[in-house]
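# Remarks on the overall topology
Spelled out, the chains give:
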Amino acid sequence: MHQPERLPENSPLKSAEEICPAPDFSKPGQTQPLSPSIHLASVYRCESPEQADYLLSTGPDGGGYVYSRDGHPNASLLSEKCRQLHAADKAMVCGSGMSALAAAALAHLQTGEHLLVANQLYGKTLQLLTGELSRLGITSDAVNACDLGAVAAAIRPQTKLLVVETISNPTLRVVDVAALAKICQKSNVLLLVDNTFASPALCRPIDLGADLVVESLTKVMSGHSDVLLGLICGKERHWSRIPVVLSSWGLSSHPFDCWLAARGLATLGLRVERCSSNALRAAEFLEADPRVKCVYYPGLASHPDHALAARQLAGHFGSMVTFTLGGGISAAKSFISAAKKIPFCPSLGDVSTSLSHPLSTSHRALSEEARRRDGIDGGTIRLSLGIEPAESIVDALREGLAAVEPPQP
Ligand SMILES: *Cc1c(COP(=O)(O)O)cnc(C)c1O
């Protein structure tokens, strides 16, 4: 079994390109700002028609910028950091996680082709890949990506792409990326992994054989809930259409968001370690409480994918913990209003702990049957653990639980 490197270097030394512009030390008193500049320009002055023609034909890879929809210095800086974290050949940032998924689909699928999606994907991703793409004549089937036999059986001659999430929402099922990559290679299907919940601090899907990786940089990667950005990265041989699609469909990023995300990324490794240890502590605390019917956390021995997660994730199990209260929706309402120090926010990956209620937010469009299959009901609460002291998180959870009726004997 392929073993990924343990936690990759998440906070490398600052590169010379980040510290700009280069000082002219021949002039007395010249210094350099240590933090990168924010280049808000939407357009760049060109030297000549020849230069403009050259840059527009090569894109930012040619070493310069013309129009910020096609590239700008803050996007290049962030893309390069993400490329290194993923050990990818190529990487580009775009306006949101959804635009990264749209770019991958638009670059690699056309009318008459078929894609396979994991049946537990992020709700909006399912809407894009099964609903929106069907309008373009691209058909799809959903499979349980934890069942390798079912995935292999669902591949058809027209199948071009398989889309899975490293760790899914909200029951935190972990897929075997290396095994899926082998199945895909055999059938000439591209494997696209949404690595949002794991981040490259826990998993580098390209090392495991994935062709393309997308992430919502909005979440764990930025870590401060103040930007909306996405990442797409992958192998050189599947890349040529990605820059064309990002530019012509207008999926580009904003310089200030890129600057903030690059700043957040500097602490990725520290945050992921701390959030993961807090998540384990919270999961163990919740598992011991009689009001809690079940806890989903890949770091617990009780999780169905614990062994796989231990092998595939870099020694930590992520910041997300989901649990179901025995008392259903009324118990969840009591918990949410009593756990005053844990804000109800339907997002994740922030430095501060928050909670969400899948049934009324991320999973509201799911059928009753699918909810039962995924183990979600009105009593299910999803936590996104932050970096606070573990004991203050446990205290905040205890306050919430105190308002929930204990089970009747
Ligand atoms: C949030 C999220 C997305 C979409 O990202 P945005 O930045 O919100 O567009 C995609 N996949 C997963 C797993 C997510 O959590």
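Before reading further, recall that the structure is shown in the block above.
Residues numbered from 1 in each chain as written. Predicted model: local features only at pLDDT ≥ 70, side-chain atom pairs only at ≥ 80, totals over all residues. Heavy atoms only, no water.

## Looking at the state of the cysteines
In protein chemistry, a disulfide is the covalent bond that joins the sulfur atoms of two cysteines. Using the following cut-off: Any two cysteine sulfur atoms within 2.5 Å of one another count as a disulfide. With a 1.4 Å probe rolled over the protein chains alone, any residue whose accessible area is under 20% of its type maximum counts as buried; one over 50% counts as exposed, and the rest are partly exposed.
Evaluation of the coordinates by the stated rule reveals zero disulfides. Sulfur of Cys 184: no disulfide; nearest cysteine sulfur belongs to Cys 146 and is 14 Å away. No disulfide involves Cys 233; its sulfur sits 7.6 Å from the nearest other cysteine sulfur, which is in Cys 82. Since its relative accessible area comes to 0%, Cys 233 is described here as buried.

## Topic: the sheet that holds strand E7 (residues 230-234)
In a beta sheet, neighbouring strands pair by backbone hydrogen bonds and run either parallel or antiparallel. How we decide: Only when DSSP finds a minimum of two bridges between them are two strands counted as paired. Put simply, DSSP H or I for four residues or longer makes a helix, DSSP E for two residues or longer makes a strand, and each gets a number counted from the N terminus. A fitted line through C-alpha atoms serves as each axis, taken over the contacting stretch for helices, and the angle formed by two N-to-C directions is quoted from 0 to 180°. Residue contacts are defined here by distance: any two heavy atoms, one from each residue, within 4.5 Å place the two residues in contact.
The strand order across the open sheet formed by seven strands is E1-E7-E6-E5-E4-E2-E3, and the pairing between neighbours is mixed. Two strands in the sheet have a free side with no partner beyond their single neighbour: strand E1 (90-94) and strand E3 (139-143). Here the average twist between neighbouring strands, direction ignored, is 20°. Across five bridges, the pairing between E1 and E7 is antiparallel. Along E7, the bridge assignment pairs Cys 94 with Gly 230. Contacts between helix H4 (residues 123-134) and the sheet are confined to strand E2 (114-118), E3 and strand E4 (159-165), with E2 contributing the most and set at about 150° to the helix.

## Structural notes on the site of the ligand
Filter applied, for reference: If even one non-hydrogen atom of a residue comes within 4 Å of a molecule or strand, that residue is called near it. N or O atoms within 3.5 Å of each other form a polar contact, as long as, within protein, one can give a hydrogen and the other can take it, and as long as residues adjacent in sequence are counted only when both atoms are side-chain atoms. Where accessible areas are quoted, they stem from the Shrake-Rupley method and a 1.4 Å probe; at the residue level, only the protein chains shown are allowed to cover. Side-chain classes follow a simple rule in which Ala, Val, Leu, Ile, Met, Phe, Trp, Tyr, Cys and Pro form the nonpolar group, Asp, Glu, Lys and Arg form the charged group, and the remainder, Gly included, forms the polar group.
Close contacts around the ligand come from 13 residues, with Gly 97, Asp 194, Ser 216, Thr 218 and Lys 219 the closest. The separation between an oxygen atom of the ligand and a polar main-chain atom of Met 98 is 2.9 Å. Here Thr 218 contributes a side-chain N or O atom positioned 2.7 Å from an oxygen atom of the ligand. Burial of the ligand by the surrounding chains reaches 94%, relative to a free accessible area of 380 Å². When grouped by side-chain class, the residues that make up the shell around the ligand number five nonpolar, five polar and three charged.

## Here's the deal with the sheet that holds strand E10 (residues 354-356)
The strand order across the open sheet built from four strands is E8-E9-E11-E10, with neighbouring strands paired in antiparallel fashion. At either end of the open sheet lies a strand with only one pairing partner, and these are strand E8 (292-296) and E10. Between one strand axis and the next, the sheet turns by 25° as a mean value, whatever way the strands run. As paired elements, strand E9 (residues 320-325) and strand E11 (residues 380-384) share five bridges and run antiparallel to each other. In the strand pairing of E11, Phe 323 is matched with Ile 381.

## Focus on the nonpolar core
Generally speaking, nonpolar side chains in soluble globular proteins are found buried as a group. Keep this limit in mind: To define a nonpolar core, start from buried Ala, Val, Leu, Ile, Met, Phe, Trp, Tyr and Cys residues and group those joined through side-chain atoms within 4.5 Å.
Ranked by size, the top nonpolar core spans 118 residues in total, and within it Leu 78, Leu 191, Leu 286 and Phe 335 carry the most contacts. Take this core: its biggest share by element is eight residues, from helix H3 (residues 97-108).

## Considerations on the pattern of salt bridges
Note the threshold: Think of a salt bridge as a Lys or Arg side-chain nitrogen and an Asp or Glu carboxyl oxygen that are within 4 Å of each other.
Within this structure, the stated rule accounts for 16 salt bridges. Note that Asp 207 and Arg 204 form a salt bridge whose closest N and O atoms lie 3.2 Å from each other. Linking Arg 398 and Asp 395 is a salt bridge whose minimum nitrogen-to-oxygen distance equals 2.8 Å. With Arg 398 and Asp 395 both in helix H14 (residues 390-402) and three residues apart, this pair spans about one turn of that helix. Overall, the relative accessible area of 38% leaves Asp 395 in the partly exposed class.

## Details of the side chain of Ser 99
As for its placement among the helices and strands, Ser 99 is situated in helix H3. A polar side-chain atom of Ser 99 sits 2.8 Å from the main-chain amide nitrogen of Ser 96. Not counting chain neighbours up to four residues away, the residues in contact with Ser 99 comprise Cys 94 and Leu 251.

## So, the layout of surface pockets
The condition that has to hold: For cavity detection a 1 Å grid was placed over the protein atoms alone, and a set of points counts as a cavity when a 1.4 Å probe fits there but cannot get out; an open set counts as a pocket when protein lies on both sides within 12 Å along at least five of seven lines, with lining residues being those that have an atom within 4 Å of a point. Grid points are joined across faces, edges and corners, and a volume is the space filled by probe spheres set on the points.
Counted as a void, the largest pocket has a volume near 720 Å³. Around the largest pocket, the lining is made up of 33 residues, and of these Pro 60, Asp 61, Asp 70, Ser 76 and Met 92 lie nearest the centre. Mapped by element, the contributors of at least two residues to the lining of the largest pocket are helix H1 (49-58), helix H2 (73-86), E1 and helix H8 (242-248). A per-element tally of the lining of the largest pocket places H2 first, with five residues. Looking at the lining of the largest pocket residue by residue, the class counts come to 14 nonpolar, 12 polar and seven charged. A volume near 490 Å³ is recorded for the second largest pocket. Around the second largest pocket sit 19 residues that line it, and Gly 123, Lys 124, Thr 361, Ser 362 and His 363 are the ones nearest its centre. The leading source of residues in the lining of the second largest pocket is H4, at four residues.

Remember that the coordinates give geometry; whether it matters functionally is a separate question.
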